[in-house]
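# Tertiary structure, described
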Amino acid sequence: QKEVEQNSGPLSVPEGAIASLNCTYSDRGSQSFFWYRQYSGKSPELIMFIYSNGDKEDGRFTAQLNKASQYVSLLIRDSQPSDSATYLCAAANYGGSQGNLIFGKGTKLSVKP
Amino acid sequence: DAGITQSPRHKVTETGTPVTLRCHQTENHRYMYWYRQDPGHGLRLIHYSYGVKDTDKGEVSDGYSVSRSKTEDFLLTLESATSSQTSVYFCAIRDDRGWYFGPGTRLTVT
């Protein structure tokens, strides 16, 4: 069974702090990894993707990938109350041409003013 | 915004009735997907399409069928709705960067 595991939280951080979100995946054939942000009652919004080991930065967001440890993380710097949402980690295996995206159950982040 | 719309956005239906949900995209993407999202389960793949008339099953396909007669439309049909199919349904497209989701349909089966 291919799985992506995340701590469900809630993770609470003060405004301006760094929020650190983590996930692990079981399928060693996974090739790309994604972070989605989902506000309550809304659809998932793609905020970061990464496919190479190391760090990838985009604004206040940094995604980190360690394929040897099967570990993906998302750092949010200078957290804002508007970052309060559920963050979904997902892993994709392109073994079939259609791609297979496996989601974790999400980590709820709360940023306190 | 990946140009994805879903209809209806909300629906209440009775057990045993057929239901069709529509996903429409405007950007000519080849790959389209239907997911459901339930508390405690996360997002799970129902069916996907890799071209017109080309579809296949996902993880939780029992009780669902799909059709894609045009590139822009991907239909999900619940052949005989059951209470276990009460869920939020998301359509998605995939491009070179990743998967992008539509606004969702909240379906309640009473």
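Structure first, text after, so check above.
Conventions adopted
- Residues numbered from 1 in each chain as written.
- Chains lettered and ligands numbered in written order.
- Predicted model: local features only at pLDDT ≥ 70, side-chain atom pairs only at ≥ 80, totals over all residues.
- Heavy atoms only, no water.
- Helix = DSSP H or I, 4+ residues; strand = E, 2+ residues; numbered from the N terminus.
- Contact = heavy atoms within 4.5 Å.
- Areas by Shrake-Rupley, 256 points an atom, 1.4 Å probe, with all protein chains shown as cover.
- Lys, Arg positive; Asp, Glu negative; His and termini not counted.
- Charge placed at Lys NZ, Arg CZ, Asp CG, Glu CD.
- Buried < 20%, exposed > 50% of the residue type's maximum accessible area, 1.4 Å probe, protein only.
- Phe/Tyr/Trp six-rings, centres within 6.5 Å; stacked < 30°, edge-to-face > 60°.
- Lys NZ or Arg CZ within 6 Å of the ring centre and 35° of its normal.
- Core = buried A, V, L, I, M, F, W, Y, C linked by side-chain atoms within 4.5 Å.
- Pairing = 2+ DSSP bridges.
- Axes fitted to C-alpha atoms, helices over the stretch in contact; angles between N-to-C directions.

What follows covers the overall build of chain B. In terms of regular secondary structure, chain B is built from zero helices and 11 strands. Counting helices and strands in the order they occur from the N terminus, chain B gives β-β-β-β-β-β-β-β-β-β-β. In terms of overall dimensions, chain B has C-alpha extents of about 40 × 25 × 25 Å along its principal axes. Of all intrachain contacts in chain B linking residues separated by at least 6 positions in sequence, the fraction that spans at least 24 positions is 53%. Total accessible area on chain B stands at roughly 5,200 Å², and carbon and sulfur atoms take up 46% of it. Averaging the coordinates of the 13 positive side-chain charges in chain B and doing the same for the 13 negative ones gives two points 2 Å apart.

The next point concerns unusual backbone geometry. A cis amide bond links A:Gly9 with the next residue in sequence, A:Pro10, at an omega value of 10°. For A:Pro10, the location among the structural elements is in the loop between strand S1 (4-6) and strand S2 (11-14). The omega angle of the peptide bond from B:Ser7 to B:Pro8 is -10°, so this bond is cis rather than trans. Look at A:Asp78: it is not a glycine, yet its phi comes out positive at around 50°. Along the polypeptide, A:Asp78 turns up in the loop between strand S8 (71-76) and strand S9 (85-93). With relative accessibility at 40%, the residue A:Asp78 sits in the partly exposed group. Phi at B:Asn28 takes a positive value of approximately 65°, unusual for a residue other than glycine. When you line up the elements, B:Asn28 lands in the loop between strand S3 (19-25) and strand S4 (31-38). Judged by its relative accessible area of 62%, B:Asn28 is exposed.

Next up on the list: the packing of aromatic side chains. Taken as a whole and judged by the stated rule, the model has 16 aromatic pairs over all chains. With a centroid separation of 5.5 Å and 85° between ring planes, the pair formed by A:Tyr36 and B:Phe101 is classed as edge-to-face. With A:Tyr36 in strand S4 (residues 32-38) and B:Phe101 in strand S10 (residues 99-101), the pair connects residues from two separate chains. Ring centres 6.3 Å apart and planes at 90° place the aromatic pair B:Phe90 and B:Phe101 in the edge-to-face group. On the criterion of sequence distance, the pair formed by B:Phe90 in strand S9 (residues 87-94) and B:Phe101 in strand S10 is long-range, its members being 11 residues apart. The burial state of B:Phe90 is the same as that of B:Phe101; both residues are buried. Counting every residue linked through ring pairs, the aromatic cluster contains A:Phe34, A:Tyr36, A:Phe103, B:Tyr33, B:Tyr35, B:Tyr48, B:Tyr50, B:Phe90, B:Trp99 and B:Phe101. When the ring centre of A:Phe61 is taken as origin, the NZ or CZ atom of A:Arg60, which lies over that ring, is 5.6 Å away. Positioned over the ring face of B:Trp99 is B:Arg94, at 5.3 Å from the centre of the ring.

Right, let's talk about the nonpolar core for a bit. Counting residues in hydrophobic clusters, the biggest one holds 39 residues, and the most contacted among them are A:Tyr36, B:Trp34, B:Tyr35 and B:Trp99. Element by element, the count of residues in this core is highest for S9(B), at six residues.

Another point: the sheet that holds strand S7 (residues 61-66) of chain A. Residue and element names in this part refer to chain A. Judged by pairing direction, the sheet is antiparallel, and its five strands sit side by side in the order S1-S3-S8-S7-S6 without closing on themselves. This sheet does not close on itself; its edge strands, each paired only once, are S1 and strand S6 (54-58). Neighbour-to-neighbour, the strand axes of this sheet turn through a mean angle of 20°, independent of strand direction.

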